[in-house]
Amino acid sequence: FFSSALPTFLDFLRIFSRFTFAYWLCDMPLHLVFGLELNGAQELRPKRLALIYLRSWFLMDLVLISIDATILILEIFEESVLQSARL
(Lines give C-alpha, C1' and ligand atoms only; values in the text may rest on other atoms or scores of the structure.)
Protein backbone atom coordinates (compact mmCIF):
# COMPACT_ATOMS: atom_id res chain seq x y z
CA PHE A 1 0.00 0.00 0.00
CA PHE A 2 2.60 2.56 1.03
CA SER A 3 4.99 1.84 -1.82
CA SER A 4 2.30 2.59 -4.41
CA ALA A 5 1.19 5.83 -2.71
CA LEU A 6 4.70 7.17 -2.06
CA PRO A 7 5.47 8.54 -5.57
CA THR A 8 2.10 10.30 -5.66
CA PHE A 9 2.71 11.85 -2.25
CA LEU A 10 6.22 12.95 -3.24
CA ASP A 11 4.82 14.60 -6.38
CA PHE A 12 2.27 16.40 -4.21
CA LEU A 13 5.04 17.63 -1.89
CA ARG A 14 7.12 18.82 -4.85
CA ILE A 15 4.20 20.80 -6.30
CA PHE A 16 3.21 22.18 -2.89
CA SER A 17 6.77 23.33 -2.20
CA ARG A 18 6.86 25.22 -5.50
CA PHE A 19 3.61 27.00 -4.66
CA THR A 20 4.88 27.98 -1.21
CA PHE A 21 8.12 29.24 -2.76
CA ALA A 22 6.14 31.41 -5.17
CA TYR A 23 3.94 32.67 -2.33
CA TRP A 24 6.84 33.75 -0.12
CA LEU A 25 8.70 35.21 -3.09
CA CYS A 26 5.67 37.41 -3.90
CA ASP A 27 5.02 38.17 -0.23
CA MET A 28 8.38 39.87 0.42
CA PRO A 29 7.91 42.91 -1.85
CA LEU A 30 4.30 43.28 -0.73
CA HIS A 31 5.55 44.31 2.70
CA LEU A 32 6.65 47.55 1.05
CA VAL A 33 3.20 48.23 -0.43
CA PHE A 34 0.70 47.37 2.28
CA GLY A 35 0.46 49.75 5.19
CA LEU A 36 0.62 49.04 8.90
CA GLU A 37 -1.12 50.41 11.93
CA LEU A 38 1.39 51.88 14.39
CA ASN A 39 0.23 53.51 17.61
CA GLY A 40 -3.28 53.92 16.23
CA ALA A 41 -2.15 55.60 12.99
CA GLN A 42 -1.75 54.22 9.49
CA GLU A 43 1.84 54.00 8.26
CA LEU A 44 1.94 54.11 4.45
CA ARG A 45 5.37 55.58 3.66
CA PRO A 46 7.37 52.98 1.69
CA LYS A 47 10.70 53.95 3.23
CA ARG A 48 9.33 53.59 6.75
CA LEU A 49 7.60 50.31 5.84
CA ALA A 50 10.90 48.99 4.45
CA LEU A 51 12.73 49.85 7.67
CA ILE A 52 10.05 48.19 9.78
CA TYR A 53 10.15 45.08 7.57
CA LEU A 54 13.96 44.91 7.61
CA ARG A 55 13.92 45.03 11.41
CA SER A 56 11.18 42.45 11.85
CA TRP A 57 10.47 39.57 9.44
CA PHE A 58 12.93 40.19 6.60
CA LEU A 59 15.66 37.86 7.86
CA MET A 60 13.22 35.02 8.50
CA ASP A 61 11.65 35.44 5.05
CA LEU A 62 15.07 35.57 3.42
CA VAL A 63 16.16 32.35 5.14
CA LEU A 64 12.92 30.62 4.13
CA ILE A 65 13.21 31.70 0.50
CA SER A 66 16.90 30.75 0.40
CA ILE A 67 16.12 27.24 1.63
CA ASP A 68 13.27 26.85 -0.85
CA ALA A 69 15.39 28.16 -3.73
CA THR A 70 18.23 25.79 -2.86
CA ILE A 71 15.86 22.81 -2.77
CA LEU A 72 14.27 23.88 -6.07
CA ILE A 73 17.67 24.23 -7.76
CA LEU A 74 18.77 20.85 -6.45
CA GLU A 75 15.56 19.23 -7.73
CA ILE A 76 16.05 20.74 -11.18
CA PHE A 77 19.69 19.68 -11.21
CA GLU A 78 18.76 16.16 -10.12
CA GLU A 79 16.13 15.87 -12.86
CA SER A 80 18.58 17.02 -15.53
CA VAL A 81 21.27 14.59 -14.32
CA LEU A 82 18.80 11.71 -14.34
CA GLN A 83 17.61 12.59 -17.85
CA SER A 84 21.16 12.73 -19.19
CA ALA A 85 21.98 9.42 -17.49
CA ARG A 86 19.03 7.76 -19.23
CA LEU A 87 20.28 8.81 -22.66
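What comes next concerns the included structure. (Residues numbered from 1 in each chain as written. Predicted model: local features only at pLDDT ≥ 70, side-chain atom pairs only at ≥ 80, totals over all residues. Heavy atoms only, no water.)

### Details of unusual backbone geometry
The phi angle at N39 is positive, at roughly 55°, despite the residue not being glycine. With respect to the element layout, N39 can be found in the loop between β1 (36–38) and β2 (41–43). (Helix = DSSP H or I, 4+ residues; strand = E, 2+ residues; numbered from the N terminus.)

### Looking at the pattern of salt bridges
One pass over the structure, following the stated rule, counts four salt bridges. For R14, the salt bridge is made with D11, and the minimal N-O distance between the two is 3.3 Å. Placement of both R14 and D11 in helix α1 (residues 2–30) is noted, with a separation of three residues, approximately one turn of the helix. The shortest N-O distance in the salt bridge between E75 and R14 comes to 4.0 Å. One end of the pair, E75, is in helix α3 (residues 58–86); the other, R14, is in helix α1, with 61 residues separating them in the sequence. Judged by its relative accessible area of 29%, R14 falls in the partly exposed class. Beyond isolated ion pairs, a larger network of salt bridges with shared partners links D11, R14, R18 and E75. (Salt bridge = Lys/Arg side-chain N within 4 Å of Asp/Glu carboxyl O. Buried < 20%, exposed > 50% of the residue type's maximum accessible area, 1.4 Å probe, protein only.)

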